[in-house]
Amino acid sequence: MRIALIAHDKKKGDMIDLCIKYKDVLAQHELFATGTTGTMVMGETGLKITRMKSGPLGGDQQIGSMIAEKKLDVVLFLRDPLTAQPHEPDVSALLRLADVYCIPLATNVASATIMLDYLKELSEEK
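Computed from a predicted structure; not experimentally measured.

About the criteria used
- Residues numbered from 1 in each chain as written.
- Predicted model: local features only at pLDDT ≥ 70, side-chain atom pairs only at ≥ 80, totals over all residues.
- Heavy atoms only, no water.
- Core = buried A, V, L, I, M, F, W, Y, C linked by side-chain atoms within 4.5 Å.
- Buried < 20%, exposed > 50% of the residue type's maximum accessible area, 1.4 Å probe, protein only.
- Pairing = 2+ DSSP bridges.
- Helix = DSSP H or I, 4+ residues; strand = E, 2+ residues; numbered from the N terminus.
- Contact = heavy atoms within 4.5 Å.
- Axes fitted to C-alpha atoms, helices over the stretch in contact; angles between N-to-C directions.
- 1 Å grid on protein atoms, 1.4 Å probe; cavity = no way out; pocket = protein on both sides within 12 Å on 5 of 7 lines; lining within 4 Å.
- Points joined across faces, edges and corners; volume = space filled by probe spheres on them.
- Nonpolar A, V, L, I, M, F, W, Y, C, P; charged D, E, K, R; others polar.
- Parallel < 35°, antiparallel > 145°, perpendicular 65-115°, else oblique.
- Left-handed = near helix turned anticlockwise from the far one by under 90°.
- Salt bridge = Lys/Arg side-chain N within 4 Å of Asp/Glu carboxyl O.

1. Overview of the nonpolar core
Of all hydrophobic cores here, the largest spans 23 residues; its most connected members are Ile3, Leu5, Met15, Leu26 and Leu76. Core analysis: the second largest hydrophobic core is formed by 16 residues, Ile63, Val75, Leu95 and Ala98 among them.

2. Thoughts on the sheet that holds strand S5 (residues 105–106)
The five strands lie next to each other as S3-S2-S1-S4-S5, forming an open sheet whose pairing is parallel. The strands lining the two open edges of the sheet, one partner per strand, are strand S3 (49–51) and S5. Here three bridges tie strand S2 (residues 30–33) to S3, and the two strands are oriented parallel to one another. Opposite Leu31, over in S3, you have Ile49 as the bridge partner. The sheet strands contacting helix H3 (residues 35–45) are strand S1 (2–7), S2 and S3, and the helix crosses S3 at an angle near 150 degrees. The strands touched by helix H4 (residues 59–68) within the sheet are S1, S2 and strand S4 (74–78), with S1 carrying the most contacts at an inclination of about 155 degrees.

3. Focus on the layout of surface pockets
Empty space among the atoms becomes apparent when a probe as large as a water molecule is rolled across them. Approximately 230 Å³ is the volume attributed to the largest pocket. As for the largest pocket, its lining consists of 19 residues, of which His8, Asp9, Lys12, Pro56 and His87 are closest to the centre. Of all the secondary structure elements, the ones that give two or more residues to the lining of the largest pocket are S1 and H3. For the lining of the largest pocket, a count of residues per class yields four nonpolar, 10 polar and five charged.

4. Here's the deal with the packing of H4 against helix H5 (residues 88–100)
The N-to-C vectors of H4 and H5 enclose an angle of 15 degrees; their axes lie 9 Å apart at closest approach. Between H4 and H5, the interaxial angle falls into the category roughly parallel. Remark: the crossing between H4 and H5 carries left-handed chirality. Note on element contacts: H5 touches H4 through Asp90, Val91, Leu94, Leu97 and Ala98, opposite Asp60, Gln61, Ile63, Gly64, Ile67 and Ala68. Taken together, the residues of the contact of H4 with H5 sort by class into seven nonpolar, two polar and two charged.

5. Details of the pattern of salt bridges
Following the criterion strictly, the structure yields four salt bridges and no others. For the salt bridge of Asp9 with Lys12, the shortest nitrogen-to-oxygen distance reads 3.8 Å.

6. Brief notes about the environment of Met42
Summarising the element assignment, Met42 is placed in helix H3. The spacing of Met42 and Asp90 is 48 residues in sequence and 24 Å in space, taken between C-alpha atoms. What Met42 contacts, discounting residues up to four positions off in sequence, is Leu47, Ile49 and Arg51.

Keep in mind these values describe shape, not function.
Structure, rendered in structure tokens:
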């Protein structure tokens with residue numbers, strides 16, 4: 001599967017923790033991430049990740065484009081709902097595209113954990 005990893009600044013630590021916990025699962029898939037999130041996750045996990053631009057510099061739009069081109073299967077986007085984002089229109093567009101193209105989208109640690117647990121179960125059945 002092709003999985004996108006995105007995390008707002010205050011959620012990057014949560015994304016790193018999630019990726020450490022599910023490193024073996026994530027390593028079986030093709031990973032993409034916005035710039036800063038990808039750099040931080042790679043540094044902490046050693047996972048191979050194709051990085052886009054930073055979210056505010058167009059990374060969210062790049063991920064959205066991948067959704068529209070059916071080049072992604074899952075998006076893990078740990079959002080910070082309590083902090084205003086300067087690129088909120090890009091975030092909203094990405095979320096809308098995930099809905100339009102029926103791409104599973106996790107926006108918090110709980111939903112991301114459910115998705116990753118499911119992927120783990122699938123890999124164990126092989």
